[in-house]
Amino acid sequence: MTQPHETISSSGLEEQNKGGLRKGPGIGYVRAGIFLYMVCLVVLFLMCSTDLIIRETEKEIYQVAVIIEDARDDNYGNFRKGMDQAAIEINADVRFITLYEKLDEGQQMEMILREQQDGTDALIVAPADETQVIAALASRQVTTPMVLLGSELTGEGVEGAVVIDYREMGIMAARQIMEHTPADCPVMILGDREKRSAVSQRFAEGAAEAFEDGGYRYRRAEDMEESLKGWEGPEAVILAENPQSLTEAARLLTDNPFLGECVKGLYGRGTTIQILNDLDRGIITGVCAADDFGVGYLSVYMAVRALEESGSQQPVTMESWYIEKEDLRDPVFEAMLYPIE
């Protein structure tokens, strides 16, 4: 028998919809979340496009100029490595400037004034003429903060100084010579044919003072080859008062066997690669040296500190050492003489 079909009216369907197919209560929250998310994206976009985001303060890059007294940078190899290392660490832009002519104080002053006019923040100067530089600072002709290299002079406007006691270095070299040389051995203090720097003068004065105190004979010379021409006396000891004279003397001893027979020992100061090579080969007997890498590093550090803090800084005096061939393998001296950037 066929069962009768149940008929559901439209009004019944509407009742089922009302009772069983109702909207879930979470849909409204989802729509609200989406709306807020879109609002946040718009706000972030506006902030980025209008620089409204709080950004980290950028550290100022200081412009520092190093002006040396020489026309060449041969003697500043390790100094420049220290200078560059400090520039990286303290965020400074450092320029290294040489003269067109060695020890030209007028030209150096022109360069100092040019850098000041160009807006350089700080200067590091190895003075060609110490008194002229100090006078320019005292008269306010130069107002840019300045750190001096090698100079023992201080005065108004000098924000700091990295000092090497070259007089004491000369005394040290002379004492080493006297320790290994008899008193009747003639000593020649070899200078530069060109204009002498204050540094070379202090070194030679210290050595001369030590020789006089020790009862040793010495004389000054500017041309070793000429001075030893026709030499018939006992072997002489040569003390070069600057790195250039020492390098030239070592070259002459290498090229001229006769001169080598006349010279008992060759001493001086400096840490150029050529000098260290000649020391390692035994052509140079011994040298006095300072930590040039440290000098370069400290000078840049002091220049930047002068810009960030008020008040001049106390001069820093670097220690000096006497070094012979065997010392080149000493880890302490090796790190000082062959620094790695």
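Structure shown above.
So, here's what we can say about the structure.

What counts and how
Residues numbered from 1 in each chain as written. Predicted model: local features only at pLDDT ≥ 70, side-chain atom pairs only at ≥ 80, totals over all residues. Heavy atoms only, no water. Helix = DSSP H or I, 4+ residues; strand = E, 2+ residues; numbered from the N terminus. Buried < 20%, exposed > 50% of the residue type's maximum accessible area, 1.4 Å probe, protein only. Pairing = 2+ DSSP bridges. Axes fitted to C-alpha atoms, helices over the stretch in contact; angles between N-to-C directions. Contact = heavy atoms within 4.5 Å. Phe/Tyr/Trp six-rings, centres within 6.5 Å; stacked < 30°, edge-to-face > 60°. Lys NZ or Arg CZ within 6 Å of the ring centre and 35° of its normal.

**Things to note about the environment of glycine 106**
For glycine 106, the location among the structural elements is in helix H4 (residues 105-117). With a relative accessible area of 33%, glycine 106 lands in the partly exposed category. For the pair glycine 106 and glutamine 132, spaced 26 residues apart in sequence, the C-alpha to C-alpha distance is 9.1 Å.

**Comments concerning the sheet that holds strand E2 (residues 92-97)**
Taken in spatial order, the six strands of this open sheet run E2-E1-E3-E4-E5-E11, and their pairing is parallel. Looking at the sheet topology across the chains shown, the edges are occupied by E2 and strand E11 (316-318). With direction set aside, neighbouring strand axes in the sheet form an average angle of 15°. Examined bridge by bridge, strand E3 (residues 122-125) and strand E4 (residues 146-149) share three bridges and lie parallel to one another. From the neighbouring strand, isoleucine 124 faces E4, where its bridge partner is valine 147. The sheet strands contacting helix H5 (residues 130-138) are E4 and strand E5 (158-164), and the helix crosses E4 at an angle near 165°.

**Details of the packing of aromatic side chains**
Applying the stated criterion across every chain, the model contains six aromatic pairs. Between tyrosine 76 and phenylalanine 79, the ring centres sit 5.4 Å apart and the planes meet at 90°, which makes this aromatic pair edge-to-face. By the burial criterion, tyrosine 76 is buried, and phenylalanine 79 matches it. Note on tryptophan 321 and phenylalanine 333: the rings are 6.3 Å apart at their centroids and 80° apart in plane angle, and the pair reads as edge-to-face. Residue tryptophan 321 is found in strand E12 (residues 320-323), and its partner phenylalanine 333 is found in helix H13 (residues 331-337); the two are separated by 12 residues along the sequence. Overall, tryptophan 321 belongs to the partly exposed group, its relative accessible area being 27%. Through a chain of ring-to-ring contacts, the aromatic side chains of Tyr76, Phe79 and Phe96 assemble into a single cluster. Sitting over the ring of phenylalanine 203, arginine 269 keeps its end group 5.8 Å from the ring centre.

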